[in-house]
Structure formats: structure tokens, C-alpha cells
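# Topology and contacts: notes
Spelled out, the chains give:
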Amino acid sequence: MAEKGKTREFKWQRKHLLGLRELTAQEITYILDTAQGFEEISTRAVKKAPPLRGKLVVNLFFEDSTRTRNSFALAANRLSADVVEFTKKDSSVSKGETLLDTARNLEAMGIDIVVIRHNAGGAPTLLSKYINACVVNAGDGFCEHPTQGLLDVFTIRKRKGSLKGLKIAIVGDISHSRVARSDMWAMTKLGAEVTFVGPPTLMPPKVEQLPVKISYSLDDVIEKVDVINMLRIQFERLGGNPFPSVREYSHYFGLTVERMKRAKPDIIVMHPGPINRGLEIESEVADGKNSVILQQVTNGVTVRMATLFLVNQAAAQHGEVIEET
Ligand code: NCD
């Protein structure tokens with residue numbers, strides 16, 4: 001059973017969720033506790049609750065996504081919101097409309113929450129400055145993917161009770177991974193020790209300034225960690241050739257059955273998806289008894305329900321304050 005944080009007195013104030021870097025441990029714990037309270041809704045025969053009834057959520061996705069987009073849509077549906085899907089291919093953005101024009105037009109249609117994924121880092125923050133609706137970041141460039149970070153710590157907390165003192169390895173293409181960054185903020189704020197593991201060519205610039213340990217050898221860390229998060233090689237973002245061959249990468253950094261024999265028996269194996277089976281992780285490990293990869297997907301819906309609920313609640317409070325003054 002996950003340890004609930006002491007957040008009863010706390011009042012959530014943010015109408016946007018842009019990143020985990022700016023959140024306190026208390027705020028993160030509050031979202032996780034809220035998510036824990038929402039879990040039961042997904043087990044009902046009628047998987048719906050009314051808190052966002054009459055609210056309009058727009059999924060504004062400028063980058064491909066299956067898991068995250070559907071997860072947000074499902075989360076919004078479970079809270080009875082209406083959802084409009086707006087992807088780059090079928091929008092006027094492909095005709096050259098700017099991000100802000102698109103958003104303003106959507107806002108003129110009366111939206112309450114924008115869930116945005118964009119290949120430019122900072123796009124959700126920019127948007128939040130120009131529109132009244134709540135903004136939730138669903139992944140911006142290499143910067144942040146806050147709901148993925150939240151669902152990852154939620155999944156770990158469910159299994160291990162707490163993140164305090166846990167040793168966590170995040171392995172692979174760190175430099176292009178917004179997941180690694182959001183995970184790092186959430187995990188370290190909740191008291192875990194994070195090690196980034198990968199070849200030097202896949203480490204981000206100024207990595208030594210981040211609150212993590214660094215290792216260039218998976219074999220050096222595999223025996224010590226309680227949690228291992230395997231990242232996808234983001235081929236679509238790679239400019240040059242960061243390693244000599246895919247085979248060599250798998251040999252040194254792949255999570256194989258052989259390597260798992262040296263891991264702690266209760267290690268948790270995670271992956272944000274989509275998986276390159278046989279590259280960063282062998283199928284037997286991805287589908288094995290230590291894997292929580294599918295639980296991550298389930299928990300993603302719950303954590304996104306909590307996120308949509310809380311930003312909407314904060315927006316309503318802001319409204320109340322303005323009316324009073
Ligand atoms: C991640 C992303 O888009 O950053 N995936 C996801 O949200 N499901 C990681 C990835 O694409 O490898």
C-alpha cells in the first residue's frame with residue numbers, strides 16, 4: 001500500500017502543469033494522493049465521475065503520440081469532460097497558422113483545458129501566458145513530460161510504498177529524453193537517488209549540474225538499483241551517429257535476461273513506451289515478472305485524471321478570487 005503524504009492541509013493553486021522542476025515535493029505528493037483517490041473510478045462498471053462535466057478539454061498534439069493522447073482523452077472522459085482532438089496533420093497548423101493563433105481560435109470555442117505536445121521546448125509555457133484556459137504539458141521538446149514523471153513515481157510508490165532512499169537508474173538516450181528530465185525532478189524531490197546511465201554521446205550537456213549520479217556502465221549499476229527505467233533510443237531526434245552500431249548499444253546498455261540475473265530479485269523494470277524490443281530491452285524482460293510497463297499505462301490514466309481535476313479546480317478558485325475583488 002502506498003504511503004499517503006501529509007497533504008490534508010494543503011491547497012493546490014496551479015492552473016497549469018508545465019513541468020515538475022518547479023513543483024515542490026508536497027505538490028507532487030498531493031497530485032499522487034489525488035490520483036490514488038481516483039483509482040477506484042476506473043474499476044466501476046460505469047467508469048465515470050462528474051467533476052469535469054460541461055468542461056471542454058482540447059488535445060493539441062503537434063507530435064505523434066498514441067499512448068499519451070489516448071490516456072489524456074480517457075482521463076478526461078472518465079471525469080465527464082468533452083474532448084476535442086486536434087493534431088498537426090488535420091489542423092490549420094499545416095497551413096502555417098501559428099501556435100498562438102491556433103490556441104486563440106480554440107479558446108474562442110470555449111475550451112477550459114489545453115493538453116499540448118510540441119517539439120519546441122517551452123511551447124506550453126508560452127501558451128499559458130497568452131490564453132485563459134488551463135495548460136497541461138504532454139511533452140515539449142527535450143524539456144519535460146510531467147505527467148509521465150508523475151505516473152512513473154506513482155507506479156513506484158504503489159510497489160515500494162515510498163521513494164525515500166530508493167536507488168533508481170534511468171538508462172539510455174538521456175540527452176533526447178524529456179521523460180528522463182521529468183523523472184529526475186519527481187524522483188529526487190521525493191527522496192530517491194537517481195543515476196543516469198548511458199554512453200557519453202547520449203548524455204545531455206552540463207549533466208554534471210543536474211541532481212543525479214552519472215555512470216557509463218550498466219554492468220556497474222545493475223546489482224545496486226531498486227528501479228530501472230529503460231528509455232527508447234529516439235532515432236527521430238538523433239542528428240549523427242551516437243554509437244557504432246545498434247548491436248553494440250544493446251550489448252552494453254540493453255536490459256537482457258542475462259543482465260537481469262544480477263539484479264535485485266524485486267527490482268522494478270519500467271519503460272515509458274514505445275518499446276524497441278530487442279534494442280534497449282529484451283522481450284522476455286519487458287514482459288517478465290519484474291516489469292511494471294503495463295501498470296505504468298494504467299496508472300497514466302489515473303494520474304492524468306488527477307492533473308485535469310486539479311488544474312480545473314485551481315482555475316475555478318482563481319475565478320472566485322477575481323469575482324470577489
Ligand atoms: C515518450 C515521449 O514521447 O517523450 N513517450 C511517451 O510519452 N509515451 C518517450 C518516447 O517517445 O520514447
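Residues numbered from 1 in each chain as written. Predicted model: local features only at pLDDT ≥ 70, side-chain atom pairs only at ≥ 80, totals over all residues. Heavy atoms only, no water.

Our next topic: the sheet that holds strand 2 (residues 82-87). The strand order 2-1-3-4 describes an open sheet built from four strands, whose pairing is parallel. Sheet topology places strand 2 and strand 4 (134-140) at the edges, where each strand pairs with a single neighbour. Shown here is a sheet whose adjacent strand axes are inclined to one another by a mean of 15 degrees, direction ignored. Strand direction decides the pairing type here: strand 1 (residues 56-61) and strand 2, joined by six bridges, are parallel. Looking across to strand 2, one finds that Phe 61 is bridged to Thr 87. Lying on the sheet, helix 3 (residues 99-108) is in contact with strand 1, strand 2 and strand 3 (113-118); it crosses strand 1 at an angle near 160 degrees. (Pairing = 2+ DSSP bridges. Helix = DSSP H or I, 4+ residues; strand = E, 2+ residues; numbered from the N terminus. Axes fitted to C-alpha atoms, helices over the stretch in contact; angles between N-to-C directions. Contact = heavy atoms within 4.5 Å.)

Time to look at the domain arrangement of the protein. Each domain of the protein was delimited in the assignment, giving domain 1 (25-144 + 298-317) and domain 2 (146-297). Computed over C-alpha atoms only, the centres of domain 1 and domain 2 are separated by 26 Å. In this complex, domain 1 contributes 30 residues to the contact, which on the side of domain 2 involves 28 residues. Summing both partners gives a buried area of about 2400 Å² for domain 1 against domain 2, and 57% of it is carried by carbon and sulfur. There are three salt bridges connecting domain 1 and domain 2. (Domains from an automatic or database assignment. Buried area = accessible area lost by both parts, 1.4 Å probe. Salt bridge = Lys/Arg side-chain N within 4 Å of Asp/Glu carboxyl O.)

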